[in-house]
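# Working through the structure, step by step
So the chains spell out like this:
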Amino acid sequence: GGNHFIHTMRRNVDLNLLLFNNQIYGLTKGQYSPTSEIGKVTKSSPQGSIEAPLHPIPLALTTGATFVARTYDTDPKHLAATMEQAARHKGISFVEILQNCNIFNDGAFRDFTDKPVRSERMVYLEHGQPIIFGEGQDKGVALRGTELEVVAADHPDVLIHDATRDNTSLANMLALMTYPEMPVPVGVFRQVDRPTYGEALDAQIADATAKRGEGDLAALVRGQNTWLVE
């Protein structure tokens, strides 16, 4: 659920969360879902969905996730490498997996994930590397004012990807790039180190114990502090 998602992200619980996004409720017979595009015709939206879709990556970034990535089902090598990185991360790791549903939403991402077109319509994010793409790696992504633009790969303004940035503004902008206006990014958007929820809690308990002692549960139970429940 959305509430659990938000608080798991902000608390940096040491979990690996994989979101299989096929833009449909495939397991319950094809109703439109929170990630379905506007106008999506399904059994529960016969005139087309009127709701703006939820964007999982920006939501994870905004709520404080320390590892955020995207991959897709038809590139097993990239999928496995991304999942391995997520598994090795200490803290919450969130991975959106673009996944086809060949029964109720076949070809949802085919326009940019199919092998013949993906080099021109997707961009692979690699930490410390320029954000470039294209059949001959001849295009790049640059920040012009407050907007991202496609420029020549040798342009001096081509962005160098930094997944370790604490500020998530640029990562959010990258996450919202969509085809056909922009290439669709995959890879790690953010990877930062912060104490996990468990580590912070253990440190708090250790500090309290050092100041107040181990405590005595039996003495507490048999003590003079009582409550009357009527």
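Up top is the structure these notes are about.
Now for a description of the structure that goes with this document.

### A word on the overall build of the protein
Helix and strand counts for the protein come out as eight helices and eight strands. Here the C-alpha radius of gyration of the protein, 23 Å, is well above what a compact globule of 230 residues would show, namely 17 Å. Counting all 230 residues of the protein, 37% fall into the buried class. Taking the intrachain contacts of the protein between residues at least 6 apart in sequence as the baseline, contacts between residues at least 24 apart amount to 60%. Taken as a whole, the protein presents about 13,900 Å² of accessible surface, with 54% of it coming from carbon and sulfur. Considering the protein, the positive charge centre built from 21 side chains and the negative charge centre built from 28 side chains are found 4 Å apart.

### Some remarks on the pairing of strand β7 (residues 147-152)
Where strand β6 (residues 139-144) meets β7, six bridges bridge the pair, whose relative direction is antiparallel. Counterpart to K139 in the pairing with β7 is A152. The hairpin formed by β6 and β7 contains two residues between the paired strands, and G145 there has a positive phi angle of roughly 70°.

### Re unusual backbone geometry
Along the chain, Y179 connects to P180 via a cis peptide bond; the corresponding omega equals 15°. Looking at the element boundaries, P180 is found in the loop between α6 (169-175) and β8 (184-191). Its identity is not glycine, yet N12 carries a phi of approximately 55°, on the positive side. Within the secondary structure layout, N12 lies in the loop between α1 (2-11) and β1 (16-21). Unlike most non-glycine residues, Q137 shows phi in positive territory, near 50°.

Thresholds, definitions, all that
- Note on numbering: residues in each chain are counted from 1, in written sequence order.
- With the structure being a predicted model, the display of local features is reserved for residues of pLDDT at least 70 and the display and counting of side-chain atom pairs for 80 or more, all residues being used for whole-chain, interface and lining totals.
- Water and hydrogen atoms play no part in the side-chain values, which are based on all heavy atoms of the structure.
- Numbering of helices and strands starts at the N terminus; helices are DSSP runs of H or I of at least 4 residues and strands are runs of E of at least 2.
- Here the globule rule is a power law, 2.2 Å times the number of residues to the power 0.38, and the radius of gyration is based on C-alpha atoms.
- With a 1.4 Å probe rolled over the protein chains alone, any residue whose accessible area is under 20% of its type maximum counts as buried; one over 50% counts as exposed, and the rest are partly exposed.
- In what follows, residue pairs with any heavy atoms lying within 4.5 Å of each other are defined as contacts.
- Residue-level accessible areas treat just the shown protein chains as cover; the underlying method is Shrake-Rupley with a 1.4 Å probe.
- Positive charge is attributed to Lys and Arg, negative charge to Asp and Glu, and no charge count is given to His or to the chain ends.
- Just so you know, the charge point we use is NZ for Lys, CZ for Arg, CG for Asp and CD for Glu.
- Each pair of strands is called paired provided DSSP finds at least two bridges between the two strands.

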